[in-house]
Amino acid sequence: MEALSYLLLDVFTDRPYTGNPLAVVPFPKMPLTTEQMQAIATEFNLSETVFIFPPQKKGHTASLRIFTPTQELPFAGHPTVGAAVALGWLAERKEFHLEMGGRIIFEEKIGLVHVAMEVENPELGRATLKTAQLPERGRITITKEQLAATLSVEPQDLIWDDHCQPTAWSCGVPFFFVPLWSRTAVDQSRINTGVWESTLKDSWASSVFVFAFDPMNKKHHVYGRMFGPEKGIVEDPATGSAAAAFAGFLFAREKHPHDAMQWIVEQGFAMGRPSLLEITAHSQDGVLQGVHVGGQAVLIGEGRLRKLPN
């Protein structure tokens, strides 16, 4: 049996051993079932593993299947960014032909995702995706005291007023965005699993993104952390799908939105995996028209799986 090749990348960073690790399995030479792909993702035990297949329709670049250690996702940002950069490297090596250069169209479960990619050197690249859908707001019923207990913080740590309060948004994957007053409170937050199971586990958005408008670098805008226990992710170093949905939250609180608004989100710092996610919201006449999420990715290594799961 031929071995299954893979690449290891760190995404949303330009430095090795920071950012969000990603396994990329490009164009397997043997058929893989959903169960086998899930087993491989569980074996890697990274936030996500992405499998790249030939496109189903002419004119598209490739088809992606994205898995966490416990489930398949319809869309995720860091695998999309990482897969695009990986294809750029494969094209540079003449192992893959990009018909449209740095313009990529991925077929994902959520729909078509357009990506602009550039290779900066043999081990570093950059990609920016346009979401397949606009952010959608969801409803979660929870009290301030219940949410504080879920996050192991004090109720007074939560920002909860008419202008800014916890809100759920989705760009294909739902997240509950919870603003806290300080970076210290964000660092102190932890999911209390027992409370979470009774408050958020079965809600519209069970993954939680806690944040403060208190970045470490004052040139940036937000400092955040993402907890996804239902996905098998205790904490994620950089979450592109959350950044995409976050655009909805950030745009909604703007009193006078510009045609193009940009935010830089710091994530993963509390884990020792500092990451930077770039969000752009495009609007016209005060109405959100499009969301882009981008960042860099660095190649960490390559390998082969000699055995496949049954």
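On a predicted model such as this, the values are computed, not experimentally measured, just so you know. (Residues numbered from 1 in each chain as written. Predicted model: local features only at pLDDT ≥ 70, side-chain atom pairs only at ≥ 80, totals over all residues. Heavy atoms only, no water.)

1. Focus on the overall build of the protein
Turning to step 1, where the next piece is worked out: Helix and strand counts for the protein stand at six helices and 17 strands.
Turning to step 2, where the next piece is worked out: The globule rule puts the C-alpha radius of gyration for 310 residues at 19 Å, and the 19 Å found for the protein is close to it.
Turning to step 3, where the next piece is worked out: Judged by the C-alpha coordinates and their principal axes, the protein covers about 60 × 45 × 35 Å.
Turning to step 4, where the next piece is worked out: When the 310 residues of the protein are sorted by exposure, 56% land in the buried category.
Turning to step 5, where the next piece is worked out: Considering only contacts within the protein whose residues lie at least 6 apart along the sequence, 66% involve residues at least 24 apart.
Turning to step 6, where the next piece is worked out: Element-wise, carbon and sulfur atoms account for 48% of the exposed surface of the protein, whose accessible area totals about 13,900 Å². (Helix = DSSP H or I, 4+ residues; strand = E, 2+ residues; numbered from the N terminus. Rg over C-alpha atoms; globule rule 2.2 N^0.38 Å. Buried < 20%, exposed > 50% of the residue type's maximum accessible area, 1.4 Å probe, protein only. Contact = heavy atoms within 4.5 Å. Areas by Shrake-Rupley, 256 points an atom, 1.4 Å probe, with all protein chains shown as cover.)

2. Quick notes on the pattern of salt bridges
Turning to step 1, where the next piece is worked out: Counted according to the given criterion, the structure contains ten salt bridges.
Turning to step 2, where the next piece is worked out: The closest approach of N and O atoms between Glu120 and Arg126, which form a salt bridge, is 3.6 Å.
Turning to step 3, where the next piece is worked out: For Arg126, a relative accessible area of 21% translates into the label partly exposed.
Turning to step 4, where the next piece is worked out: Here Asp214 and Lys218 are joined by a salt bridge, their closest N and O atoms 3.5 Å apart. (Salt bridge = Lys/Arg side-chain N within 4 Å of Asp/Glu carboxyl O.)

3. Notes on the side chain of Glu107
Turning to step 1, where the next piece is worked out: Mapped onto the elements, Glu107 comes out in strand 6 (residues 103-108).
Turning to step 2, where the next piece is worked out: Within the structure, Glu107 has its side chain in polar contact with the backbone nitrogen of Lys57 (distance 3.1 Å).
Turning to step 3, where the next piece is worked out: Here Glu107 is in contact with Pro55, Gln56, Lys57, His60, Ala62, Ser63, Leu64 and Leu112, once residues within four sequence places are set aside. (Polar contact = N/O pair within 3.5 Å; in protein donor to acceptor, adjacent residues only side chain to side chain.)

4. Thoughts on helix 2 (residues 77-92)
Turning to step 1, where the next piece is worked out: Between its first and last C-alpha atoms helix 2 spans 23 Å; for 16 residues at 1.5 Å apiece the expected length is 22 Å, and the two agree.
Turning to step 2, where the next piece is worked out: Most of helix 2 sits out of view: 15 of its 16 residues are buried.
Turning to step 3, where the next piece is worked out: Once helix 2 ends, the next one or two residues include Lys94, with phi positive near 70°. (Expected span 1.5 Å × (residues − 1).)

5. Details of the environment of Thr143
Turning to step 1, where the next piece is worked out: Residue position: Thr143 is located in the loop between strand 9 (136-138) and helix 3 (144-151).
Turning to step 2, where the next piece is worked out: Relative accessible area serves as the criterion here: at 37%, Thr143 is assigned to the partly exposed category.
Turning to step 3, where the next piece is worked out: It is 26 Å that separates the C-alpha atoms of Thr143 and Gln267, two residues lying 124 residues apart in sequence.

6. Some points on the state of the cysteines
Turning to step 1, where the next piece is worked out: Scanning all chains against the criterion turns up zero disulfides.
Turning to step 2, where the next piece is worked out: Cys164 forms no disulfide, and the closest cysteine sulfur to it belongs to Cys171, at a distance of 18 Å.
Turning to step 3, where the next piece is worked out: Looking at Cys164, the relative accessible area reads 6%, which means it is buried.
Turning to step 4, where the next piece is worked out: Judged by relative accessible area, Cys171 falls into the buried class, the value being 2%. (Disulfide = S-S within 2.5 Å.)

7. As for the environment of Gly194
Turning to step 1, where the next piece is worked out: The residue Gly194 is located in helix 5 (residues 193-199) in this model.
Turning to step 2, where the next piece is worked out: C-alpha of Gly194 to C-alpha of Thr150: the two residues are 44 residues apart in sequence and 8.2 Å apart in space.

8. Remarks on the pairing of strand 11 (residues 174-179)
Turning to step 1, where the next piece is worked out: With five of six residues buried, strand 11 is to be regarded as a mostly interior element.
Turning to step 2, where the next piece is worked out: Relative to strand 11, strand 10 (residues 167-170) is paired through four bridges, and the arrangement is antiparallel. The residue of strand 11 that forms the bridge with Ser170 is Pro174.
Turning to step 3, where the next piece is worked out: Sheet topology note: the strand 11/strand 12 (residues 208-212) ladder contains four bridges and is parallel. Across the sheet, Phe176 pairs through a bridge with Val208, a residue of strand 12. (Pairing = 2+ DSSP bridges.)

9. Examining the nonpolar core
A general tendency of soluble globular proteins is for nonpolar side chains to be buried together.
Turning to step 1, where the next piece is worked out: Counting 64 residues, the largest nonpolar core has Phe106, Phe177 and Phe246 as its most contacted members.
Turning to step 2, where the next piece is worked out: Excluding residues within four positions of it along the chain, Phe106 makes contact with Ala62, Leu64, Thr80, Ala83, Ala84, Leu87, Gly111, Leu112, Val113 and Val115.
Turning to step 3, where the next piece is worked out: Grouped together as the second largest cluster of nonpolar side chains are 22 residues, Ile140, Leu180, Leu200 and Val208 included. (Core = buried A, V, L, I, M, F, W, Y, C linked by side-chain atoms within 4.5 Å.)

10. A few points about the packing of aromatic side chains
Turning to step 1, where the next piece is worked out: One pass over the structure, following the stated rule, counts 14 aromatic pairs.
Turning to step 2, where the next piece is worked out: A ring pair is formed by Tyr6 and Phe44, whose centres lie 5.0 Å apart and whose planes are at 70°; its orientation type is edge-to-face. Residue Tyr6 is located in strand 1 (residues 4-11), and its partner Phe44 is located in helix 1 (residues 34-44); the two are separated by 38 residues in the primary sequence.
Turning to step 3, where the next piece is worked out: Owing to a relative accessible area of 16%, Tyr6 belongs among the buried residues under this scheme.
Turning to step 4, where the next piece is worked out: We classify Phe44 as buried; its relative accessible area is 18%.
Turning to step 5, where the next piece is worked out: With a centroid separation of 6.2 Å and an interplanar angle of 45°, the aromatic rings of Phe177 and Phe249 are classed as tilted. Taken together, the positions of Phe177 in strand 11 and Phe249 in helix 6 (residues 240-252) put the pair 72 residues apart, joining distant regions of the chain.
Turning to step 6, where the next piece is worked out: Take Phe177: its relative accessible area is 0%, and that puts it in the buried class.
Turning to step 7, where the next piece is worked out: Looking at Phe249, the relative accessible area reads 5%, which means it is buried.
Turning to step 8, where the next piece is worked out: Geometry around Tyr223 places Arg183 over its ring, the cationic atom sitting 5.9 Å from the centre. (Phe/Tyr/Trp six-rings, centres within 6.5 Å; stacked < 30°, edge-to-face > 60°. Lys NZ or Arg CZ within 6 Å of the ring centre and 35° of its normal.)

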